[in-house]
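# Structural characterization, general
What follows is the residue order along each chain.
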Amino acid sequence: MEIDVTRSLIIIAICTACTFLERALPFVVFRGREVPPVVRYLGTVLPMAIMATLVIYCIRDIRFTAPGTCLPYLIGIAVTALAHLWKRNSLLSIALGTAVYMVMVQTVFA
């Protein structure tokens, strides 16, 4: 099924609105009130849980018996972890790990 430009723009607008709402809604809901402890707890725990889930998702099909296929993954994960321990910046860690992985796959292990 081909998607025309109008339908694509509608999809992008809906995704934009949903993203904006999920980011702005907590500020609207908790305006003038203290954030409940359970919400504060989830705010501290969920980012690492999501990162762990993404790591498991990314390495689920790796065959560790073939070094050419598993080394780029392991090096990318190590770079991501070390960058995060160093700078404590998730965006930087993910970007650096992804970049190292892509360079490894495209050049070293091509």
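Refer to the preceding data block for the structure.
Since we're looking at a predicted model, the values are computed, not measured. (Residues numbered from 1 in each chain as written. Predicted model: local features only at pLDDT ≥ 70, side-chain atom pairs only at ≥ 80, totals over all residues. Heavy atoms only, no water.)

## Describing the state of the cysteines
Applicable threshold: In what follows, a disulfide is any cysteine sulfur pair within 2.5 Å.
A complete count under the given rule lists zero disulfides for this structure. With no disulfide partner, Cys-15 has as its closest neighbouring cysteine sulfur the one in Cys-18, 6.7 Å distant. Just so you know, Cys-58 is unpaired, no disulfide at all, and the nearest cysteine sulfur is the one on Cys-70, 15 Å from it.

## Concerning the environment of Ile-77
Which entries qualify depends on this criterion: In this text, helices come from DSSP runs of H or I with a minimum length of four residues, and strands from runs of E with a minimum of two, each type numbered from the N-terminal end. Only heavy atoms enter the contact rule, under which two residues are in contact if any of them lie within 4.5 Å.
Mapped onto the elements, Ile-77 comes out in helix α3 (residues 67–87). When near neighbours in sequence (up to four residues on either side) are disregarded, Ile-77 contacts Val-55 and Ile-59.

## Considering helix α2 (residues 37–59)
Residue pairs spaced three or four apart in an α-helix point in one direction, given the helix's 3.6 residues per turn. Definition in use: How far a helix is expected to stretch is found by multiplying one less than its residue total by 1.5 Å. The angle between axes fitted to the seven residues ending at a residue and the seven residues starting there is what we call the bend at that residue.
Along its 23 residues, α2 runs 34 Å from first to last C-alpha, staying within 8% of the 33 Å computed at 1.5 Å per residue. Val-45 marks the point of greatest bend in α2, at about 35°, and the proline Pro-47 comes within the next four residues.

## Focus on the side chain of Ser-93
Selection criterion: Buried residues are those whose accessible area, probed at 1.4 Å on protein chains only, stays under 20% of the maximum for their type, while exposed residues exceed 50% and partly exposed ones sit between those limits. Contacts described as polar in this section are N or O atom pairs within 3.5 Å, which, within protein, must combine one atom able to donate a hydrogen with one able to accept it, while residues neighboring in sequence count only if both atoms come from side chains.
Looking at the secondary structure, you find Ser-93 in helix α4 (residues 90–108). For Ser-93, a relative accessible area of 1% corresponds to the buried category. Among the polar contacts made by the side chain of Ser-93, one reaches the main-chain carbonyl oxygen of Asn-89 at a distance of 2.8 Å. Contacts of Ser-93, omitting those with residues within four sequence positions, involve Thr-80, Ala-83 and His-84.

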